[in-house]
Amino acid sequence: MNKAVRKAIIAGNWKMNKTRPEAKALLEELVPMVKDIKNVEIVACVPFTNLETALSVTEGTNIKIGAENCHFEKSGAFTGEISADMLAEMGVEYVVLGHSERRQYFAETDETVNKRTKAALAANLKPIVCVGELLWERECNITNEVIARQIKLDFFGIEADDLKKCVIAYEPVWAIGTGKTATAEQAQEVCAFIRGELAKLYGADVAETITIQYGGSMNAGNAAELVSKTDVDGGLIGGASLKAADFTAIINAAEIG
Ligand code: PEP
């Protein structure tokens, strides 16, 4: 089994951007631009306030909608939080979990990422679980240790059948929103390492089926080289997902492979 059997996923992470009218306009522009894409799963992960608009504009199209986080409890006294069931009930399909901005600014840990991943799976959402090293960790030559630990902890207690519903996004923290992209070789090296860690935990056959994206300043200019790598199955895109033309160019690059 190889890359050819894994569908590439290009997911936009809008972060805290776009009002509802802006979200509507962006998606209305995107829908016709990507309507003929066959080999790439296209996902827009949008702020909670835009989910209803996004679901309505993309209904019946080849664009799937995701949220940017969810809580791990089903309901209760968690002011300001949104549960996985609330998202699933709306028709949301994907949810980004463990994004480095959540880990950095909102004190999320591998333990809570693990709990959120389990909650998302229980609600039939497809988690996009983000892992990645800090610049300091790369400089200290412990990238592999950091990634191995995140994979082990974030997926702790998750069975193979559930893992197959997950997407992993390798996002070196130093490349997110900085304009510094990992080279295609660096991205391939770590994505292959992640697949190797999954093989140790779940067996090679399972590991070969898991979509592993690269994320970190991916854009129209560098996407083709990144997604051409054997173990890079698409991308999680921040800034460049906020403009339909830029996002489409990345999707087109992944369609060609
Ligand atoms: C992200 O938010 O996941 C991301 C990769 O951002 P950017 O593409 O802007 O670096």
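Calculation criteria
- In this numbering scheme, every chain counts its residues from 1 along its sequence in written order.
- Only residues with pLDDT of 70 or above have their local features reported here, since the model is predicted, and side-chain atom pairs are shown and tallied only from 80 upward, although totals for entire chains, interfaces and linings are computed over all residues.
- No hydrogens and no water enter the side-chain calculation; it runs on all heavy atoms of the structure.
- We count a stretch as a helix when DSSP gives it H or I for four or more residues in a row; a strand needs E for two or more, and each element gets its number in order from the N terminus.
- In this description the radius of gyration comes from C-alpha coordinates, and the expected globular size is given by 2.2 Å times residues to the power 0.38.
- The contact rule is simple, with two residues in contact once any of their heavy atoms fall within 4.5 Å.
- Each accessible area is a Shrake-Rupley estimate made with a 1.4 Å probe; only the visible protein chains count as cover when residues are assessed.
- Pairing of aromatic side chains here covers Phe, Tyr and the six-membered ring of Trp, requires ring centres within 6.5 Å, and sorts the geometry by plane angle: under 30 degrees stacked, over 60 edge-to-face, intermediate tilted.
- Counting as a charge over the ring demands two things of the Lys NZ or Arg CZ atom: a distance within 6 Å of the ring centre and an angle within 35 degrees of the ring normal.
- A pair of strands counts as paired when DSSP detects no fewer than two bridges linking them.
- Angular values range over 0 to 180 degrees, each being the angle between N-to-C directions of two axes fitted as lines to C-alpha atoms, with helices fitted over their stretch in contact.
- Any residue with a heavy atom positioned within 4 Å of a molecule or strand is treated as near that molecule or strand.
- In protein, a polar contact requires one atom able to donate a hydrogen and another able to accept it; more generally it is a pair of N or O atoms within 3.5 Å, and residues adjacent in sequence count only if both atoms are side-chain atoms.
- When residue character is reported, Ala, Val, Leu, Ile, Met, Phe, Trp, Tyr, Cys and Pro are called nonpolar, Asp, Glu, Lys and Arg charged, and the others, Gly included, polar.
- For classification purposes, angles smaller than 35 degrees are called roughly parallel, those larger than 145 roughly antiparallel, those between 65 and 115 roughly perpendicular, and all remaining angles oblique.
- Each crossing gets its handedness from the near helix: less than a right angle anticlockwise from the far helix is left-handed, clockwise is right-handed.
- Exposure classes here rest on a 1.4 Å probe applied to the protein chains alone. A residue is buried below 20% of its type maximum, exposed above 50%, and partly exposed in between.

**Student:** Got a minute to help me understand the overall build of the chain in this structure?
**Tutor:** Along the chain, the regular secondary structure elements total 12 helices and eight strands. For 257 residues, the compact-globule estimate of 2.2 N^0.38 gives 18 Å, and the chain sits close to it at 17 Å. Taken over the C-alpha atoms alone, the chain extends approximately 45 × 45 × 35 Å along its principal axes. Partitioning the intrachain contacts of the chain with sequence separation of at least 6 by distance along the chain shows that 73% fall at a separation of at least 24. Within the structure as shown, the chain displays about 11,700 Å² of accessible surface, and the carbon and sulfur contribution to it stands at 53%.

**Student:** In this structure, what is going on with the packing of aromatic side chains? I would like to understand it.
**Tutor:** Two descriptors summarise a pair of aromatic rings, namely the distance from one centre to the other and the angle between the planes of the rings. Here the structure, examined in full by the defined rule, presents one aromatic pair. Sitting over the ring of Phe106, Arg102 keeps its end group 4.0 Å from the ring centre. Over the face of the ring belonging to Phe72 we find Lys115, whose NZ or CZ atom lies 4.4 Å from the ring centre.

**Student:** Looking at this structure, how should I read unusual backbone geometry?
**Tutor:** Most of the time, phi is negative for any residue but glycine, and the peptide bond is trans. At Lys15, a residue that is not glycine, the phi angle is positive and equals roughly 55°. Summarising the element assignment, Lys15 is placed in the loop between strand S1 (8-13) and helix H1 (20-33). Non-glycine residue Ser217 carries a positive phi angle of around 55°. Looking at the element boundaries, Ser217 is found in the loop between strand S7 (212-215) and helix H11 (223-227).

**Student:** What am I meant to see in the sheet that holds S7 here?
**Tutor:** Across a sheet, paired strands are connected by hydrogen bonds in the backbone, their directions being either parallel or antiparallel. Ordered by their spatial adjacency, eight strands build a closed barrel running S1-S2-S3-S4-S5-S6-S7-S8, and the pairing between neighbours is parallel. On average, adjacent strands in this sheet sit at an angle of 30° to one another, irrespective of strand direction. Across four bridges, the pairing between strand S2 (residues 40-45) and strand S3 (residues 63-67) is parallel. Within S3, the residue paired with Ala44 across the bridge is Ile65.

**Student:** Mind showing me how you'd approach the site of the ligand here?
**Tutor:** Of all residues adjacent to the ligand, which total 14 residues, the nearest are Lys15, Glu171, Gly177, Ser217 and Gly238. Within the backbone of Gly177, a nitrogen or oxygen atom sits 2.6 Å from an oxygen atom of the ligand. One of the backbone nitrogen or oxygen atoms of Ser217 is found 2.7 Å away from an oxygen atom of the ligand. Within the complex, 95% of the 290 Å² of free accessible area of the ligand lies under protein. Taken together, the residues of the shell around the ligand sort by class into four nonpolar, eight polar and two charged.

**Student:** Where do I start with the environment of Ile158 in this structure?
**Tutor:** Tracing the chain through its elements places Ile158 in the loop between helix H7 (143-154) and helix H8 (160-163). In this structure the C-alpha to C-alpha distance between Ile158 and Lys118, which are 40 residues apart in sequence, comes to 7.2 Å. Not counting residues within four places of it along the chain, the set of residues in contact with Ile158 comprises Asn114, Thr117, Lys118, Leu121, Leu163 and Tyr202.

**Student:** So what exactly am I meant to see when it comes to the side chain of Arg116 here?
**Tutor:** Relative to the helices and strands, Arg116 is located in helix H5 (residues 110-122). In this view, Arg116 contacts Asn69, Cys70, His71, Phe72, Glu81, Leu97 and Glu108; residues no more than four positions away in its chain are not counted.

**Student:** How do you make sense of the packing of H5 against H7 when you look at a structure like this?
**Tutor:** How two helices sit against one another is set out by the angle between their axes and by the gap between those axes. Two elements in contact, H5 and H7, have axes separated by 8 Å at closest approach and are oriented at 45°. Comparing their axes, H7 and H5 come out oblique. When the axes of H5 and H7 are compared, the crossing they make is right-handed. Here Asp110, Val113, Asn114 and Thr117 of H5 come into contact with H7, specifically with Arg149, Gln150, Leu153 and Asp154. Split into classes, the residues belonging to the contact of H5 with H7 amount to two nonpolar, three polar and three charged.

**Student:** Mind showing me how you'd approach the pairing of strand S8 (residues 234-237) here?
**Tutor:** Residues in a regular strand point their side chains to alternate faces of the sheet. Of the two faces of S8, the one holding Gly234 and Leu236 and the one holding Gly235 and Ile237 are both buried throughout. Of the strand pairs in this sheet, S1 and S8 are connected by four bridges, and their pairing is parallel. Bridged to Ile9 within S8 is Gly234. One ladder, built from two bridges, connects S7 with S8; its direction is parallel. From the neighbouring strand, Gly215 faces S8, where its bridge partner is Leu236.

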